[in-house]
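Listed here are the chains, written in short residue letters.
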Amino acid sequence: MDLQNWQTQLRKGLLDLCVLNLLSSAECYGYDLVQAMKRMPALAIREGTVYPILARLLEEGFVSSEVRPSDEGPPRKYYMLTPGGRQALSAMNGHWENVDNAVRRSREDVTGGEQ
Amino acid sequence: MNTPNEYWGDMVAEYLGEVERALARVNHPRSREVLDDLRAHLEQRYNETRPDERTLERLQELIGQMEDPQACAELLAPDGRRRLFRIDLKRVWRVGRWALLPVAALLVVVTAVRPGLVLWPYSVAGSALFVAMAAVLFVYYRATREAALLWLAIALVAWPIFSTPFHLVLESQIDRLQAGFEGVWLWPFTLAARGEIDMETGIVVTRALGYFIYRALLLVAVVKVGRALRARSAAEPEPA
């Protein structure tokens, strides 16, 4: 099995969930979101990774955006969750918990068998 | 000799150009937004770098830290390449409904002022087709900024509509010719009025001119679309 490819696919699948989770606590502008995600090394994101994801989530109606003036430079585009996005996030988090539990249980079963 | 700061604009343009080419292959309606966001992000990164640290190596490092263009396209459209001319009916209606209003208002006014006058010779179905074509081409132009779509719009929508007054004048000139050459001023009917050519030749020449312009515009549009499709196909990565 190509471990690197598996990690890449897993990471890609989880990026949407992480972006939505970050936006659920506070509205952010793109640059802040990049900095927040860079603090999570497991996601291995690069500068600019979030923008195509945000654009797709905007198109799907899960997030909305608003351009606001900034004291520190040009206007900034802020992103926030829509009610639909909040609903989708809740379902995604629920599904992720189920997957996480299933993986934990599969590992515990193996460990139990060995004891 | 250029300073590193002078190279920055070129470096950004080169990176964004690569991203634009990668995004063109997935044809997502928000591609332009992604490019604008990436540009704004790079500007902010540049402004945060202290002026004395803006060496060529540092600026190259900033570009090197950006997401790979191909990955940007995959993150934007994970389901792969979208069809170039996929019709999104919701989007067509959203844009097209604004065009319907002025067209309907114009028809009402014209009919009220001059009931017998046919300023708009197209049927309701024909008019709806123009509106639909204009809306589809507008939506796809906005998403792709592909100049070939503008040429298609000129050939398929603008020329047939804007040449309508010309055809009306033509018909009136033909009527005048048939009624005895009074008030004929349009070339080549003036030649017919002077007896230098016969009336039939004048009619054939003017009609042929209209057809020629329409077909020439259509030919240019088809060539432009063909070139655009070939460029997109050349930019596709080779299959492994």
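Here we summarise the structure given alongside this text. The structure presented is a predicted model; accordingly, all values stated were derived computationally and were not measured.

Conventions and cut-offs
- Residues numbered from 1 in each chain as written.
- Chains lettered and ligands numbered in written order.
- Predicted model: local features only at pLDDT ≥ 70, side-chain atom pairs only at ≥ 80, totals over all residues.
- Heavy atoms only, no water.
- Helix = DSSP H or I, 4+ residues; strand = E, 2+ residues; numbered from the N terminus.
- Contact = heavy atoms within 4.5 Å.
- Areas by Shrake-Rupley, 256 points an atom, 1.4 Å probe, with all protein chains shown as cover.
- Salt bridge = Lys/Arg side-chain N within 4 Å of Asp/Glu carboxyl O.
- Buried < 20%, exposed > 50% of the residue type's maximum accessible area, 1.4 Å probe, protein only.
- Phe/Tyr/Trp six-rings, centres within 6.5 Å; stacked < 30°, edge-to-face > 60°.

Notes on the overall build of chain B
For step 1, the next point in the chain: Per the secondary structure count, chain B includes 10 helices and zero strands.
For step 2, the next point in the chain: Element order for chain B, N to C, with α for helix and β for strand: α-α-α-α-α-α-α-α-α-α.
For step 3, the next point in the chain: Nonlocal contacts in chain B, meaning residues at least 24 apart in sequence, comprise 64% of its contacts between residues at least 6 apart.
For step 4, the next point in the chain: Approximately 14,800 Å² of chain B is accessible, and the part contributed by carbon and sulfur atoms is 63%.

Considering the pattern of salt bridges
For step 1, the next point in the chain: The final tally for this structure, using the stated rule, is 16 salt bridges over all chains.
For step 2, the next point in the chain: Here R45(B) and E47(A) are joined by a salt bridge, their closest N and O atoms 3.6 Å apart. A residue pair is termed interchain when its members come from two chains, as with R45(B) in helix α2 (residues 31–48) and E47(A) in the loop between α2 (30–38) and α3 (50–59). E47(A) shares its class with R45(B); the two are buried.
For step 3, the next point in the chain: Connected through shared salt-bridge partners, E59(A), K77(A), R30(B), E33(B) and D37(B) make up one network.

Looking at the packing of aromatic side chains
Residue and element names in this part refer to chain A.
For step 1, the next point in the chain: The full count for this structure, using the stated rule, is three aromatic pairs over all chains.
For step 2, the next point in the chain: A ring pair is formed by Y29 and Y78, whose centres lie 5.6 Å apart and whose planes are at 45°; its orientation type is tilted. Here Y78 lies in strand β3 (residues 73–81) and Y29 lies in strand β1 (residues 28–29), a separation of 49 residues in the sequence.
For step 3, the next point in the chain: For Y29, a relative accessible area of 7% puts it in the buried group.

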